Amino acid sequence: MQRHNQQIVDAYNDIAANHPVDNWILRLAVTIDQLRLEARGWGLESLSCGAQLPYCTATWRNQGVGTFDGLQRAMGRAGRLDFTNPLEVTQSIELSNHQTMQFTHSDLAAAIARIPNEHEFKLRHISVLQAISSIPGVSAGVELDRRQSVGGTIQPPAGTIQREPILEGFTYGDWSLAGEGLRLLVGSMQKLDASVFFGRSMKIEFRRDSAGIYTARWEIRGNYIVKSS
């Protein structure tokens, strides 16, 4: 029983390492707020935030008139700059209030009890993803056929004293959202149930047209969890 419970705790903590998606996106938003689209002849090209990392990586592109010294003076306070070549600079920006979320056995028993079964997941949560993807410029993906199961239903041997609850198993798969515009990113995340959807990675690409107007193209990926059938 201890091995069974520990397997479930470890798997759940790995999925939840970046926090439920609403908390994760809030911390990412604080991180993004430190950046400018342009800084002394450099343009922000992309921002990438990976799984379980306490920082995001920004990429700056020289617009033809930028210098390393100018970018250091303008953006050095936001994080360490790595000057890779005259046209490109990468910057590591620490996530605000980063901490690894760890669930105990008792926390996890309550968390698993709240997650939906297969029918509820499709009815309440897939429907939300479908509604979000109906917005022009937003697309959603959800993996339904290729999932992984953690734990199974076990019964303690007859006559044993059960000192701790036997944790229910769960199943998890991948989900993703992509779109244009930072408002759509934050608004879409606010629609997702944070007890079901967890963030894993995000990438934003910034594009500047001939008129100097920027657009942001983003993609976010993560895991969702449902009760085992």
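Higher on the page you've got the structure.
Participant: I keep staring at the environment of Glu45 and nothing clicks. Help me out?
Facilitator: Note that Glu45 resides in strand E2 (residues 42-49). Each C-alpha atom of the pair Glu45 and Ala216 lies 9.5 Å from the other, and the pair is 171 residues apart in sequence. Residues within four places of Glu45 in sequence aside, it is in contact with Thr59, Arg61, Glu88, Ile204, Glu205 and Phe206.

Participant: Would you mind going over the state of the cysteines with me for this structure?
Facilitator: Linking two cysteines covalently via their sulfur atoms produces the bond known as a disulfide. Applying the stated criterion to the full structure yields one disulfide. In this model Cys49 forms its disulfide with Cys56; the gap between the sulfur atoms is 2.1 Å. One quick way to see it: the torsion about the S-S bond of Cys49 and Cys56 is about 110°, and its sign makes the bridge right-handed. A relative accessible area of 0% means that Cys56 is categorised as buried.

Participant: Help me out: how do you make sense of the packing of aromatic side chains in this one?
Facilitator: Here the distance between the centres and the angle between the planes together describe a pair of aromatic rings. Tallied over the full model, the rule gives eight aromatic pairs. Ring geometry for Phe121 and Phe197: centres 6.4 Å apart, planes at 40°, overall tilted. Residue Phe121 is located in helix H5 (residues 118-133), and its partner Phe197 is located in strand E9 (residues 197-208); the two are separated by 76 residues in the primary sequence. Note on Phe121: relative accessible area 0%, which makes it buried. Its relative accessible area of 1% is what places Phe197 among the buried residues. Between the aromatic rings of Phe170 and Tyr172, the centroid separation amounts to 6.4 Å while the plane-to-plane angle is 50°, which identifies the pairing as tilted.

Participant: Sorry, what's going on with the pairing of strand E3 (residues 55-62) here?
Facilitator: Summarising the sheet, E2 and E3 pair through seven bridges and their orientation is antiparallel. Residue pairing across strands places Ser48 opposite Thr57, the latter belonging to E3. In textbook terms, the turn of a hairpin is the stretch between consecutive antiparallel strands, and for E2 and E3 this stretch comprises five residues, one of which, Gln52, has a positive phi near 60°. By the bridge criterion, seven bridges tie E3 to strand E5 (residues 88-94) in an arrangement that is antiparallel. Paired with Ala58 across the two strands is Gln91, which belongs to E5.

What counts and what doesn't
Going along each chain's sequence as written, the residues are numbered from 1 onward. Reporting of local features is limited, given that this is a predicted model, to residues whose pLDDT is at least 70; pairs of side-chain atoms are given and counted only at 80 or more, and all residues count toward the totals for whole chains, interfaces and linings. The basis for every side-chain value is the complete set of non-hydrogen atoms in the structure, without hydrogens or water. Secondary structure follows DSSP: runs of H or I at least 4 residues long count as helices, runs of E at least 2 residues long count as strands, and numbering of each begins at the N terminus. By definition in these notes, contact holds between two residues if any of their heavy atoms fall within 4.5 Å. Criterion for a disulfide: a pair of cysteine sulfur atoms within 2.5 Å. For every residue, the accessible area obtained with a 1.4 Å probe (protein chains only) is divided by the maximum for its type, and the residue is called buried under 20%, exposed over 50%, and partly exposed between those limits. Within 6.5 Å between ring centres, the rings of Phe, Tyr and Trp (the latter by its six-membered ring) count as paired, and their orientation is classed by plane angle as stacked under 30 degrees, edge-to-face over 60, tilted in between. Here, a strand pair is defined by DSSP locating no fewer than two bridges between the strands.

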